[in-house]
Amino acid sequence: MKVAIYSTAEYEKPFLERASADFAQQVVYISEPLTEASVPLSKSCDVICCFIRDTLNAPVLELLSQQGIKLVALRSAGYDHVDLDAAKKFDITVVNAPTYSPSAVAEHAALLILALARKFVIAQHQIEKNNFSLDNLLGIGLKGLTVGIIGTGNIGAALAHIMNGFGCKLLGCDLVKNPECEKLGLKYVTHDEIFSQSDIISLHCVLNDSTCGLINKHAIEKMKDGVMLINTSRGAVVDTVAVKEALESGKIRYFGMDVYENEKAIFFKDHSKEGIHDEMFEQLRKMPNVVITGHQAFFTEEALTNIANTTFENIQKFASGNMQNQVS
Ligand code: NAD
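These notes cover the structure that comes with them. Computed from a predicted model, the values in this text were never measured in an experiment. Starting from 1, residues in each chain are numbered consecutively following that chain's sequence as written. Local features in a predicted model are, by the rule used here, given only for residues with pLDDT of at least 70; side-chain atom pairs are given and counted only at 80 or more, and totals for whole chains, interfaces and linings are based on all residues. Note that the side-chain values use all heavy atoms of the structure and ignore hydrogens as well as water.

### Examining the overall build of the chain
The helix count covers DSSP runs of H or I at least four residues long, the strand count covers runs of E at least two residues long, and both are numbered beginning at the N terminus. Broken down by element type, the chain carries 12 helices and 12 strands. As defined in this context, the radius of gyration uses C-alpha atoms, and a globule is described by 2.2 Å times the residue total to the power 0.38. For the chain, the C-alpha radius of gyration of 21 Å lies close to 20 Å, the compact-globule estimate for 328 residues. With the C-alpha coordinates of the chain rotated into their principal frame, the extents come out at 60 × 50 × 35 Å. Relative accessibility under 20% of the residue-type maximum defines a buried residue, over 50% an exposed one, and the middle range a partly exposed one, all with a 1.4 Å probe and only protein chains included. A total of 328 residues make up the chain; the buried ones form 50% of that total. Intrachain contacts of the chain at a sequence separation of at least 6 include 66% that bridge at least 24 residues. For the chain, the exposed surface amounts to about 15,600 Å²; the carbon and sulfur share of it is 51%. The contact definition used throughout considers only heavy atoms, calling two residues in contact when any of these lie within 4.5 Å. Surface exposure here means Shrake-Rupley accessible area, sampled with a 1.4 Å probe, where a residue is shielded only by the protein chains that are shown.

### Here we look at the side chain of S76
Within the secondary structure layout, S76 lies in the loop between β4 (71–74) and α3 (84–89). When near neighbours in sequence (up to four residues on either side) are disregarded, S76 contacts I52, H81, N96, A97 and Y100.

### Here's the deal with the site of the ligand
With respect to spatial proximity, 24 residues lie near the ligand, and among them N154, I155, D174, T232 and D258 are the closest. Here a polar contact is taken to be a pair of N or O atoms separated by no more than 3.5 Å, where protein atoms must pair a possible hydrogen donor with a possible acceptor and residues adjacent in sequence count only if both atoms sit in side chains. A distance of 3.4 Å separates an oxygen atom of the ligand from a polar side-chain atom of R234. Contact between the ligand and H295: an oxygen atom at 3.5 Å from a side-chain N or O atom of the residue. Protein chains bury 88% of the 860 Å² of accessible surface belonging to the ligand in isolation. To be near a molecule or strand, a residue needs just one of its heavy atoms within 4 Å of it.

### Considering the environment of A77
Along the chain, A77 falls in the loop between β4 and α3. With near-sequence residues (within four places) excluded, A77 lies in contact with N96, A97, P98 and Y100.

### Some remarks on the sheet that holds strand β3 (residues 47–50)
Whether two strands pair depends on DSSP finding at least two bridges between them. On the basis of which strands lie adjacent, the open sheet formed by 5 strands has the order β2-β1-β3-β4-β5 and parallel pairing. Looking at strand neighbours, the two that pair on one side only are β2 (26–29) and β5 (93–95), the edges of this open sheet. Within the sheet, the average angular offset between the axes of one strand and its neighbour, ignoring direction, is 20°. In terms of strand pairing, strand β1 (residues 2–5) meets β3 through 3 bridges, oriented parallel. Lines fitted to C-alpha atoms define the axes, with helix axes restricted to the stretch in contact, and inter-axis angles between N-to-C directions lie between 0 and 180 degrees.

### Notes on empty space enclosed by the protein
Method remark: on a 1 Å grid restricted to protein atoms, a set of points is classed as a cavity if a 1.4 Å probe fits but cannot get out and as a pocket if it is open with protein on both sides within 12 Å along at least five of seven lines; lining residues have an atom within 4 Å of a point. Grid points are joined across faces, edges and corners, and a volume is the space filled by probe spheres set on the points. The final tally for this structure, using the stated rule, is 2 cavities of 30 Å³ or more. Taken as a whole, the largest cavity holds about 50 Å³ of empty space. Contributing to the lining of the largest cavity are Y11, E12, F51, R75, F298, L304 and I307. The class makeup of the residues in the lining of the largest cavity is 5 nonpolar, no polar and 2 charged. Of the volumes computed, that of the second largest cavity is approximately 40 Å³. Residues are grouped as follows: Ala, Val, Leu, Ile, Met, Phe, Trp, Tyr, Cys and Pro are nonpolar; Asp, Glu, Lys and Arg are charged; every other residue, Gly included, is polar. Considering only residue class, the lining of the second largest cavity consists of 5 nonpolar, 3 polar and 1 charged.

### Structural notes on the layout of surface pockets
As a volume, the second largest pocket reaches approximately 670 Å³. R285, V290, V291, I292 and T293 are, among the 32 residues lining the second largest pocket, the residues nearest its centre. Listed by contribution, the elements that provide at least two residues to the lining of the second largest pocket are α4 (102–117), α5 (120–128), β11 (252–257), α11 (279–286) and β12 (290–292). With 4 residues, α5 is the largest single contributor of residues to the lining of the second largest pocket. The residue makeup of the lining of the second largest pocket, split by class, is 20 nonpolar, 8 polar and 4 charged.

### Looking at the nonpolar core
Throughout this description, the term nonpolar core refers to a set of buried Ala, Val, Leu, Ile, Met, Phe, Trp, Tyr and Cys residues connected via side-chain atoms within 4.5 Å. Ranked by internal contacts, the top residues of the largest apolar core, which has 34 residues, are I150, I201, I215, L229 and V243. Of all elements in the fold, only β7 (169–173), α8 (191–197), β9 (200–203), α9 (217–222), β10 (227–231), α10 (240–249), β11 and α11 reach the threshold of two or more residues within this core. The element best represented in this core is α10, accounting for 4 residues. Once residues within four sequence positions are removed from consideration, V243 is found in contact with I215, I220, L229, V238, I252 and F255. Grouped together as the second largest cluster of nonpolar side chains are 26 residues, A110, I113, L142 and A160 included.

### A short note on α11
For α11, the full list of buried residues reads M280, F281, E282 and L284. Of the surrounding secondary structure, the elements contacted by the buried residues of α11 are α10, β11 and β12. Two or three places before M280, at the start of α11, stands the capping residue D278, its side-chain oxygen 3.2 Å from that residue's backbone nitrogen.

### Describing the packing of α4 against helix α6 (residues 154–165)
Between α4 and α6, whose axes approach to 8 Å, the crossing angle comes to 50°. As the angle between them shows, α4 and α6 are arranged oblique. Where α4 crosses over α6, the two elements pack in a sense that is right-handed. Mapping the contact onto sequence places P102, S103, V105, A106, E107, A109, A110 and I113 in α4 and N154, I155, A158, L159, I162 and M163 in α6. Roughly parallel refers to an angle under 35 degrees, roughly antiparallel to one over 145, roughly perpendicular to one between 65 and 115, and oblique to any angle outside these ranges. Crossing handedness is defined as follows: a turn of the near helix away from the far one that is anticlockwise and smaller than a right angle gives a left-handed crossing, while the clockwise case is right-handed.

As structure tokens, this is what we get:
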């Protein structure tokens, strides 16, 4: 099989090279993201491999199918950026890398919680200016706080383990109960109960029609005053305007975000020369009680190793007719 890898970043190339050699696959590395314009770059390939910044809508999938592409192997767990109906229509199979490192994302969510609770970023800024006073740095302890986890799949469960270690009470909501979380004492409740009872709410659900805009004005109204909100799932799970207003009013006291609904134009690129032209993002970035990372929660050596291995394993299984990790 000849595999075209779109959006190849320099940092991941060594991981992909090692895995492709192990699985004896022929690879074409393409640094450009997949768009209608870049489809021809994978001409003569059987498989394309994509990341979350690649465009996998109906027009692109149609062009890919005309070019003979039969498999899209995602280097991500999330597949909300793929038009699965169109993939089916154009007879393209889609596979993902579902459990490459749930702990990486959960640890990052915990990092955002700690950074906000202990004013870590503000402290760093003050230290850079030789200011070692404790002004502005009064923190909150986590022990005994109630953490509400929305989506208790692989990543949500990993966060439940971490927050259990901090002595937090655990609430969760999901369409299916996860016995691993129940063993930790996590109590399953409704979305509304999560909103009204949690001191910290961490989002770990998939993005779909039922979760898009889940954290909107009405949900926020039900939350405790001074709640902390953490989003490492997908930006559109949150109504960013509503969250910004709640930060301004003090209803939400802290916000940690690794994902942003308009992140495609911002994240994964160096904008140090031209700056950012996104008013909402700019306003959030200026708030001292907001910590932003640029979709890096997954980004560990272990995760990149697992993503690369799972990707080539998925491709090999597809070639041998033993599909694994199929999402469409
Ligand atoms: P998962 O499939 O194991 O868990 C997602 C859970 O969400 C499932 O248990 C599902 O039942 C639940 N869910 C669906 N609809 C829900 C609803 N309305 N309310 C509550 N729960 C609902 O997926 P995962 O591996 O734990 O990943 C979760 C999400 O994290 C991914 O979909 C992706 O968007 C995101 N993610 C982010 C990064 C990052 O770097 N920031 C990396 C990997 C994954």
